[in-house]
There are 2 protein chains.
Amino acid sequence: MGQLNIIVADDHPLYRSGVIDAVSKMPNIRVVAHAENGMKAYQEIIALRPDIAILDIEMPILSGLDVAKKVLGEKHQTRIILLTMHKTKSFFLDAMESGVQGYLLKDNAIEELLQCIASVEQGNTFVSPQFKGFLNNQDEALSEELQMVKTLLTPTEKVILKLISEGRTSAEIADLLFVSPNTVDNHRSNITKKLKLEGKNSLLKFSMRLQNEL
Amino acid sequence: MGQLNIIVADDHPLYRSGVIDAVSKMPNIRVVAHAENGMKAYQEIIALRPDIAILDIEMPILSGLDVAKKVLGEKHQTRIILLTMHKTKSFFLDAMESGVQGYLLKDNAIEELLQCIASVEQGNTFVSPQFKGFLNNQDEALSEELQMVKTLLTPTEKVILKLISEGRTSAEIADLLFVSPNTVDNHRSNITKKLKLEGKNSLLKFSMRLQNEL
DNA sequence: CCTGCAATAGTGGTTAGCCACTATTCAACC
DNA sequence: GGTTGAATAGTGGCTAACCACTATTGCAGG
């Protein structure tokens, strides 16, 4: 699988040189450039077309995520591995949607980075175990449900669902919207059918599960 | 207000020296020691009794939070300022409960640290604006409600409340606990009374609001 | 023009959950 | 040995929410 050309970008000089040292120890890897901000990293990627770019997310001017989106959007062959300090969900999901090949937590051992590079080299993706919880079960299902809400429901239905999630009764909602309680009840029924829910209070349970996200 | 003796602890050499440089620029501040892990920081604090200890939370052996708890528990006069990368709620709440005087996000400007030191010197507390959202309104009320649940409810009642929060009906809960649905209903009634709730589905709403925290 | 969708409104029936009682058993505590 | 608290169980009444209908108005698109 020949020579792997890599670019490393991190605004932290110490961490950057640590990463460069570590990956340089691998026989088939050559670090062709390094950068201390996102803009410089992007320019180097365009100029040198490396196989892999290892980017810190938290960088000045352009974040690693910004660079990843630009590069991947322009359909270069360069694979992206993102590094971050933060164990937050939103960055991760954003990164996954933009199609990066690797996503690592900085705290983790350097071995994980090498493992990640090996994976990405062979066309796979690699994600730190800490983030895997964001992928499966609940959060997948949750965003799927949100998708359903956004696509299937009419504007009025969304408003009513929101009000239900705040714990309001049909009578209260009717008062707020200046319509008959029967109408609200009817909307409830339609929402329930569209989302394929059933059972008592199923709408209340559903809407409260989505909480802030509505 | 004389000379301020300060200890700085951070496992990241670069960041540590950055902090030391910055605070040393202040005329009335002397950095009397620095440490690269929590254990060393704790020993220095005990030995030197500084006015303020600036501790990174993420450190080997003992975390900054561990050190803070030990020091504050032993009623030394040393004030604690914690630094962290992570914008998570749990660490912050934990820190607030243990009584630290400052809590800062590392991303923020160095000016904030100096401002924080000035505040703490005068006996006040200082918290990065990013965390202030965790203090007021909702979360205060929420933990108050959690307190009520913990103190007022019997073990069985807590179990039933948990099951309600998962969206189960009285009949389902009765099956799970091998008791009569009437008993479950009775418990519901008692819980509702203890927590001073009222209205249809008030228990469901209440329990779902507490979500994971039960 | 007509079809379809959204929003409105109504009727009637079923049920889960809330509310207010009463009652028994058992264990703990003074 | 009486009191208290927890858990158990039951009855009867009430209502919000669900469910399944029907029906009208109005608007947008082919």
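Structure: see above.
Throughout this document, residue positions are counted from 1 along each chain, in the order its sequence is written. Ligands are numbered from 1 and chains lettered from A, in the order in which they are written. Reporting in this predicted model follows two pLDDT cut-offs: at least 70 for local features of residues, and 80 or more for side-chain atom pairs to be given and counted; totals over whole chains, interfaces and linings ignore these cut-offs and use all residues.

## Some details on the sheet that holds strand S6 (residues 126-127) of chain B
All names here are of chain B. Spatial strand order, S2-S1-S3-S4-S5-S6: six strands in an open sheet with parallel pairing. Where the open sheet ends on each side, the last strands, each with one partner, are strand S2 (29-35) and S6. In this scheme, strands are said to pair when DSSP sees at least two bridges between them. Here a strand is any run of E in DSSP of at least two residues, a helix any run of H or I of at least four, and the numbering for each starts at the N terminus. Pairing analysis gives four bridges linking strand S4 (residues 79-84) to strand S5 (residues 102-105), with the strands arranged parallel. Looking across to S5, one finds that Thr84 is bridged to Leu105.

## Some points on the relation of the copies chain A and chain B
Two chain copies here: they are related by a rotation about an axis and a translation along the same axis. Least-squares fitting of chain A to chain B yields an RMSD of 0.7 Å, with the superposition described by an axial translation of 0.1 Å and a rotation of 179°. Read as a symmetry element, the transformation amounts to a two-fold axis. Of the C-alpha atoms belonging to chain A, the one lying closest to the rotation axis is found on His86(A), 3.0 Å away. Residue pairs are scored as contacts if the distance between their C-beta atoms, which are placed from the backbone, is within 7 Å. Looking at chain A, 85% of its interface residues are interface residues in chain B too, so the copies touch through the same face. Least squares is the method for superposing the copies, and the C-alpha atoms it fits come from residues with pLDDT of at least 70 in both.

## Structural notes on the protein's contact with DNA strand D
Taken together, 26 residues surround DNA strand D, and among them Thr169(A), Thr154(B), Thr156(B), Val179(B) and Ser180(B) come closest. If you list the elements that add at least two residues to the surface near DNA strand D, you get helix H10 (181-194) and helix H11 (202-210) of chain A together with helix H8 (155-165) and helix H10 (181-194) of chain B. Broken down by element, the residue count for the surface near DNA strand D peaks at five residues, all from H10(A). Each residue gets one of three labels, nonpolar for Ala, Val, Leu, Ile, Met, Phe, Trp, Tyr, Cys and Pro, charged for Asp, Glu, Lys and Arg, and polar for the others, Gly among them. Broken down by class, the residue content of the surface near DNA strand D amounts to four nonpolar, 16 polar and six charged. The criterion for a residue being near a molecule or strand is simple: its C-beta atom, placed using the backbone, must lie within 6 Å of it.

## What about H8(B)?
Residue and element names in this part refer to chain B. Put simply, a residue is buried when 20 or more other C-beta atoms lie within 10 Å of its own C-beta and exposed when 12 or fewer do; between those, it is partly exposed, and each C-beta is set from the backbone. By the burial criterion, the buried members of H8 are Ile160, Leu161, Ile164 and Ser165. The arc that holds every buried residue of H8, seen down its axis, measures 140°, which confines them to one face. Downstream of H8 by a residue or two, Gly167 has a phi angle that is positive, lying close to 90°. Directions are taken from the helix axis to each C-beta atom, and the arc is the one they span.

## Concerning the protein's contact with DNA strand C
Contacts to DNA strand C come from 26 residues, most closely from Thr154(A), Thr156(A), Val179(A), Ser180(A) and Lys200(A). Looking at the surface near DNA strand C, the elements that each hand over two or more residues are helix H8 (155-165) and H10 of chain A together with H10 and helix H11 (202-210) of chain B. Among the elements that line the surface near DNA strand C, the one with the most residues is H10(B), at five residues.

## Brief notes about the interface of chain A and chain B
Of the residues lining the interface, 13 residues belong to chain A; the matching set on chain B comes to eleven residues. Within the residue set of the side of chain A that touches chain B, elements represented by two or more residues are helix H1 (13-24) and H11 of chain A. It is H11(A) that contributes the most residues to the side of chain A that touches chain B, three residues altogether. For the side of chain A that touches chain B, the per-class residue count stands at five nonpolar, five polar and three charged.

## Examining the pairing of S5(B)
Bridge analysis of S5(B) against S6(B) gives two bridges, and the strand direction is parallel. From the neighbouring strand, Gly102(B) faces S6(B), where its bridge partner is Phe126(B).

## Focus: the packing of helix H2 (residues 38-48) of chain A against helix H3 (residues 64-73) of chain A
Residues and elements named next belong to chain A. Simply put, an axis is a line fit to the C-alpha atoms, just over the touching stretch for a helix, and the angle between two N-to-C directions goes from 0 to 180 degrees. Where H2 contacts H3, the axes come no closer than 9 Å and their chain directions differ by 25°. In terms of axis orientation, H2 runs roughly parallel to H3. Read as a crossing pair, H2 and H3 show a hand that is right-handed. Contact residues: H2 offers Gly38, Ala41, Tyr42 and Ile45, while H3 offers Gly64, Asp66, Val67, Lys70 and Val71. Along the lines of polarity and charge, the residues of the contact of H2 with H3 split into five nonpolar, two polar and two charged. Note that the term roughly parallel is reserved for angles under 35 degrees, roughly antiparallel for angles over 145, roughly perpendicular for angles of 65 to 115, and oblique for everything else. Helix crossings are classified by the rotation of the near helix relative to the far one: an anticlockwise turn of less than a right angle makes the crossing left-handed, while a clockwise turn makes it right-handed.

## Let's talk about the packing of H8(B) against H11(B)
Residues and elements named next belong to chain B. Where H8 contacts H11, the axes come no closer than 8 Å and their chain directions differ by 85°. Between H8 and H11, the angle falls in the class roughly perpendicular. The segment H8 lies against H11, with Leu161, Ile164 and Ser165 engaging Leu203, Leu204, Ser207, Met208 and Leu210.

## Digging into the sheet that holds strand S6 (residues 126-127) of chain A
Residue and element names in this part refer to chain A. On the basis of which strands lie adjacent, the open sheet formed by six strands has the order S2-S1-S3-S4-S5-S6 and parallel pairing. Two strands lie at the open edges of the sheet, namely strand S2 (29-35) and S6, each paired on one side alone. Both strand S1 (residues 4-9) and S2 contribute to a ladder of six bridges, which runs parallel. Bridging across to S2, Asn5 finds its partner in Arg30. The sheet strands contacting H3 are S1, strand S3 (52-56) and strand S4 (79-84), and the helix crosses S4 at an angle near 170°.

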